[in-house]
Every structure is written in structure tokens, then in C-alpha cells.
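# Geometric and topological summary
Next come the chains, spelled out residue by residue.
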Amino acid sequence: MKKFLIWLFFGAAVVLFLILRGIPFLINSYLNANADRIVSNLITGASLFADHQVSFGHILLDYDYTGTYLKISDIKVKPTEALSDEYIRVDLSIDHLDLTGFKWSEYLFRNSIAVDSALIRNMVIVSSTPPIDSIQFIPKNPQKSKSKDYESVSVKYFDLNDLSIELVNNLFDSVRVSLQDMDLKVEGFLLSKEDILDPKSLFHVDKVKGSIGEAVFHFDQFRQYALVKKISLDTDTESMSFGYMGLLNKQGKYQYTAQFDEMQSWTEIDHAKLDLRGVHFGNFLRKGIIEVDTVFAKGLRMEIFVDKRKPEDKLKRPQMVHQLFKNLGQVIHIDHIFVSDAYLKIEERPDNLAPRAGFLYFSDMQAHIINFSNFIERRGENKLLKLDASGKLMGQGLVKVLAQYELESEIGAFTLNGTLGPMDLKTLDPMIEPQAKASIKSGKLNSLTFDIRGNDYDGTGKLTILYEDLELALLNPKFEKDNNIFRKLGSFLANKLVIKSNNPKKNGEIVNGTVYYIRDTHKSMFAYWWKLIFSGLKSTLTGDDLEELKKKEQERQTQFQGTGLIQSAQHEDSSKHESDGSKLSRRERREERRQLKNGD
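As the structure is a computational prediction, the values presented were derived from the model and not from experiment. (Residues numbered from 1 in each chain as written. Predicted model: local features only at pLDDT ≥ 70, side-chain atom pairs only at ≥ 80, totals over all residues. Heavy atoms only, no water.)

### Overview of the overall build of the protein
- Each helix and strand in the protein was counted, giving 13 helices and 22 strands.
- Residue pairs at least 24 apart in sequence account for 64% of intrachain contacts in the protein once pairs closer than 6 positions are excluded.
- Counting only carbon and sulfur atoms, one obtains 58% of the accessible surface of the protein, whose full area is about 34,200 Å². (Helix = DSSP H or I, 4+ residues; strand = E, 2+ residues; numbered from the N terminus. Contact = heavy atoms within 4.5 Å. Areas by Shrake-Rupley, 256 points an atom, 1.4 Å probe, with all protein chains shown as cover.)

Here it is in C-alpha cells:
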């Protein structure tokens, strides 16, 4: 009896062993016989790939009790002919895919994808969509599609080698976003249905480390693009770097500005290198919040061009700093931004017959920006945005500026303080000659200081400029110097009667300028800054005090508002005519339908 029980136990063990070994064999036989269909269903089960067709090169499925090992080569996903251009279309190819530990229980019972590890080599994704603004009004899938999003997709270890992504605009057949040569190692990847439904959320990762060769983002109807190269990121060190960053134009400054009926600036940024420390990756991926402790920017070169022969849009309302942060759609917080070795060139084509544009530039610029933030929970009690900057004007005079904005001020209160060191005033001719039809024959600036307090409406303060031997020459219609007696007389009167050649005067008296200017609401913050400083320069020459400046500004604003009301009325009248025209057109269509119905 005892031997029988032993043999029975041994036999049962053998049978159990064969069953346990046989089940994976049977499952693998089934999986590999139906591999194309099974893997295709896994891919097209996501709504993004609905109405797409899938093809493979070689597939190997290997099941054991811990999960399934999946190895696929030459994967291709393409949209079917049934999917029109009004929906998102994806062309995807993968040279090699390895999945380890695929959990069938998660897929069958929880409508989820769970994998222990994934290795993807040489993946290229080209996604074509309608214009971004219209996507929110289009369903993700055609109504006939039965696919739905998975509850979640999770991968414990993710290794991406040589990934490239392009997002193409169907309307213009142009690349909107391009990411090339991505090599990333990811731990704890999770994409949930909540992430898909939440426009602020992308996905969750525990760790990510790697590099991106190049990223390009096109905008402004594809006339401009942002280019970033040599990107590296590491969540362990909370760091990110950009070997190159630029905001570039596909059109030259004159070609670009000529396309607009009204004045439009042309801006280009080049040669910038960025190093980010204390990057809060989790907040960005899950909440869409850009949160960085410190940004170092080096070598930035910026050029700004304006063609003043174009009329200004006086109905435009650029936002001041506090309004910009309050209304910004993106939540952002950066404790410190350090800018070094920067260059800024400002060029203006004046509204006259000057043969060239005027320009000035700042070189060797250094800046420290503190509390660049609209993230109230993070910035706490610190409500001041500070800009402390320095640079050389026209390669000579050292400029120092400290600007401070109260981010929670209802009236946009700010202070602006600065100095300009010694320089030869003749170096300013590249800007003055085309604008004023005059040339600086001689003059030396010894110092300039200003102290200004302002808000959204106006600004006041004081300015002191110390200079010597200033002398101007009026130019002829060709913007050249000549011996015309009347121009010589005009230059003499300007130098002797209008413009003081020295400050302090010969008796030692220093003439201080008064600052007052009412903000032009259609101009930028930087234009406002310049007008405030210019008012102090002008009052130094004219001797106007604060009350006289306020009176002149009130008169200027009254004249400006009258012009603005005329322009506004013209816009309203134009809109009214357009509206009346559309109503008349609808009435005509109704009358036509009535006649057809009555058989007239």
C-alpha cells in the first residue's frame, strides 16, 4: 500500500510537471500561430491607431508563467484609406522591438498594458494632423471605430534607441514639430487614461536619462521656427542642457515685415546655450508646470527689426509684465536666470527718405533675473520680479539697469534705475543720422543716471546726463554733410541756442532732467522704458519741469485718443458693413429658397 501511494504521488508529480510544461508549449503554439493578429489587435486597440493597418517582418512570442517575451522586427503602422485627413494619421516604423514580462492578466481583465521591460531600436513616427486649433473640435476616432484607449500603459524599464518623431500639418503639408535622434532610458513609465484626458498631463516616469539630437518647432504660419540641438536630461540630477538654441526666421527682415499691413517686428535669436539646474520633471509631465530652480544662458545673440514706414496699430494692447504673468496660459516658475556674454541689436527703418536703417547694439551683456514666476504657491511671499543687467552700448559705454516689477500690483507698479558710463557720443550716429537727419560732429558723455517710478498709466523720476563739447551738423536731403549756408546756419543755431554744449555749464551748474511720460497703450514695455528715459533727456535741453511735462503729455494724449477714436470708428464701420453684407446675403439666399419652393 505504501509503495502504491509513493508511485501514485510520483505519477501525479510527473503529470503535474507535464501539465505545467505543456501549458506554456500549447500557449506558445497558439500565440505564434496567431502572432500577426494578436499583436495587430494590441496596437490598434488604442484609439490613436484606430483605422490603421499593421504589418510585421518576423515575430517571436515566448510565454512562461511570469509573462510573455515578445520580439518583433520591421514593424510598420499606416493609416487605411478609410481615414481621411480630418483625423490624426500616424505612419510608424520600428526596426526592432523587444518586450519582456508582458502581463496577459492586465490586458484581458483590466484593459491595460503592463510590461517589465521594453527595448525599441530605430523608431520613426510621422503624425499628420489638422491645424492645432481645430483638433479639439474633431473626435479622436471615426465613429465606426470600436477601439478605445487602454486604462493604462506601464513599463518598468524602457530603453529607446534612435527614436525620431515628426508632427505634420495636413493643411500646409509642413512639419510642425520634429524630434530627431532620441536615446532615452526610462524607469517607471506610466500612461493612464487620466493622462490622455487631461490636456496638462503627458505621462509619469520615475526616472529618465538620455539625449535628443535635435528638436524643431515651427509657428507663425511656418515663417519662424525654434531650433534646439544637443539636448541632454537626467532626472537623478534634476538637470537639463541645450547645446544650441535659436529662434530663427525663414524669411529676411524686409520680406517678413512687408507681408503685414501694419507695423510688425522681426525677431531672431541665435547661438544660445542653456544649462538648467533643479528641473522638476514630475510637475511638468503630470501637471504641465514648468518649474526650474536656475537657468544659465550663454552666448545669446538677439536681433530686433522694425519698419516704421508701416502704420502702427493703435488699437493693439501689449500686456505689461504683471498682466502678462497673470494671463499666461502656461504656469511657470524659475528662481534665477543668469545670462552671460549676450548681444542685442535693435534696428529701425525710419519713416523718411533715409538710405538705410538706423541701429544700436549692446554687447558683453550680463543679466540676473530673479523670481520669473506666475506660480503663486511656489513664489510665496516674494512678489517682486527683478532684472539686474549690464552691457556695453555700441561697444563703449557701460550700461547698468535694475528693473523691479510688483507682480501682484493692480496698477503694474515698477521701478527703473540705471547708469551709463563714459563714451564718445559720435558712436551713436548709426541710430541718430537716419532718424533725425543730423550727425554728431563731436561730444563726450561722462555719465548718465536715471531713477524712475512708474505704472501702467505713467512714470515719473529724474535723469542727469553729464557731457561736454556736444556739436551737431544738419544733413542734406541725401543724408550727407555739405557746405549749404542754410544748413550751416541751422547747425549753428541748434548748437548755440537750442542744445547746450556742456553739462555742467561753464559756471559749474548741473542741469537735471525731469522724467514724465504717459504710456502709449499700443506700444511695448521696452518702448515705454525708452520714452520715459527720453523725456528726461529732452527736459534737460528744454528746461521743462514736471508740471510743464504733464501739461504737454495731457495735450499729446488728447490728440492721440482722438486719432484712436477715429481709427476705432473706422474699424467698427468696416465691421458693420461686413456684417450688413453677410445679412443681405442670407436674405437673398432665403428669398431664393422661397421662390424654388413655390415654383416661381
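### Thoughts on the side chain of T294
- Summarising the element assignment, T294 is placed in strand β12 (residues 290–298).
- Each residue touching T294, except ones within four places of it in the same chain, is listed here: D275, L276, R277, H336 and F338.

### Comments concerning the confidence of the model for the protein
- For the protein, per-residue confidence averages 82 on the pLDDT scale, and residues scoring 70 or more make up 78% of the total.
- Contacts of residues 132–145 to residues separated by more than four positions or lying in other chains number 22 contacts, the stretch itself having pLDDT below 50.
- Here residues 565–600 scores under 50 on pLDDT; set against residues more than four positions off or in separate chains, the count is nine contacts. (pLDDT = per-residue confidence, 0-100.)

### Some thoughts on helix α12 (residues 525–542)
- Relative to the 26 Å expected for 18 residues at 1.5 Å per residue, α12 spans 26 Å between its end C-alpha atoms, a close match to the ideal helical length.
- Among the residues making up α12, those that are buried are M525, Y528, W529, L532, I533, S535, G536, S539 and T540. Taken end-on, α12 shows its buried residues confined to a sector of 140°, consistent with a single buried face.
- Just past α12, the residue G543 takes up positive phi, approximately 80°. (Expected span 1.5 Å × (residues − 1). Buried < 20%, exposed > 50% of the residue type's maximum accessible area, 1.4 Å probe, protein only. Arc of directions from axis to C-beta.)

### Some thoughts on the pattern of salt bridges
- Within the structure shown, the criterion is met by 30 salt bridges.
- The partner of K156 in a salt bridge is D116, and the shortest N-O contact between them spans 3.7 Å. Here the residue K156 occupies a position in strand β6 (residues 152–169), and D116 occupies one in strand β5 (residues 112–129), the gap between them amounting to 40 residues.
- Residue class for D116 comes out partly exposed when judged on its relative accessible area of 24%.
- Each of K253, R301, E303 and E347 takes part in a single network of salt bridges with overlapping partners. (Salt bridge = Lys/Arg side-chain N within 4 Å of Asp/Glu carboxyl O.)

### Description of the packing of aromatic side chains
- Scanning the model with the defined rule gives 15 aromatic pairs in all.
- Centroid distance F102 to Y107: 6.2 Å. Interplanar angle 55°. Geometry classified as tilted.
- Judged by its relative accessible area of 6%, F102 is buried.
- Taken together, a centroid distance of 5.5 Å and an interplanar angle of 40° make the contact between W530 and F534 tilted. Within this pair, W530 and its partner F534 are both found in helix α12, separated by four residues, close to a single helical turn.
- Through a chain of ring-to-ring contacts, the aromatic side chains of F102, W104, Y107 and Y150 assemble into a single cluster.
- Positioned above the aromatic ring of F359, the side-chain terminus of K345 is 4.9 Å from the ring centre. (Phe/Tyr/Trp six-rings, centres within 6.5 Å; stacked < 30°, edge-to-face > 60°. Lys NZ or Arg CZ within 6 Å of the ring centre and 35° of its normal.)

### Looking at the pairing of strand β17 (residues 397–406)
- Bridge count for strand β16 (residues 384–393) against β17 is 10 bridges, and the pairing is antiparallel. From the neighbouring strand, S390 faces β17, where its bridge partner is K400.
- With antiparallel pairing between neighbouring strands as the criterion, β16 and β17 make up a hairpin whose turn holds three residues, including M394 at a positive phi of roughly 55°.
- Where β17 lies against strand β18 (residues 414–420), seven bridges are found, and the strand directions are antiparallel. (Pairing = 2+ DSSP bridges.)

### Topic: helix α10 (residues 429–436)
- Residues of α10 that are buried: D429, M431, E433 and P434.
- Buried residues in α10 make contact with β14 (332–349), β15 (358–373) and β20 (438–454).
- One or two residues past the end of α10 sits K437, with phi positive at roughly 55°.

### Regarding unusual backbone geometry
- With an omega of 15°, the peptide bond running from N503 to P504 counts as cis.
- Not every positive phi belongs to a glycine, and N111 is a case in point at roughly 50°.
- Secondary-structure assignment places N111 in the loop between α3 (104–110) and β5.
- Look at N122: it is not a glycine, yet its phi comes out positive at around 55°.
- Along the polypeptide, N122 turns up in strand β5.

### With respect to a negative patch on the surface
- The grouping of D95, D162, D181 and D183 at the surface amounts to a negative patch.
- Looking at the secondary structure, you find D181 in strand β7 (residues 174–192). (Patch = residues over 30% accessible without salt bridge, like charges linked within 9 Å, V, L, I, M, F, W, Y side chains within 5 Å. Lys, Arg positive; Asp, Glu negative; His and termini not counted. Charge placed at Lys NZ, Arg CZ, Asp CG, Glu CD.)

### Quick notes on the environment of A473
- Mapped onto the secondary structure, A473 falls in strand β21 (residues 458–474).
- Each C-alpha atom of the pair A473 and K441 lies 6.2 Å from the other, and the pair is 32 residues apart in sequence.

### Remarks on the environment of E408
- Along the chain, E408 turns up in the loop between β17 and β18.
- Since its relative accessible area comes to 39%, E408 is described here as partly exposed.
- Residues E408 and K383 lie 25 residues apart in sequence; the distance between their C-alpha atoms is 6.5 Å.
- When residues no more than four places from it in sequence are discounted, the contact partners of E408 are R379 and K383.

### Things to note about the side chain of K253
- Secondary-structure assignment places K253 in helix α6 (residues 253–257).
- Look at K253 and you get buried, because its relative accessible area is 19%.
- Reaching out from K253, the side chain makes a polar contact with the side chain of E347 at a distance of 2.9 Å. (Polar contact = N/O pair within 3.5 Å; in protein donor to acceptor, adjacent residues only side chain to side chain.)

### Observations regarding the environment of R356
- Of note, R356 is situated in the loop between β14 and β15.
- Separated by 79 residues in sequence, R356 and Q435 have C-alpha atoms that sit 9.9 Å apart.
- In this view, R356 contacts R349, P350, D429, P430, E433 and P434; residues no more than four positions away in its chain are not counted.
- Separated by 3.1 Å, the side chain of R356 and the backbone oxygen of P430 make a polar contact.

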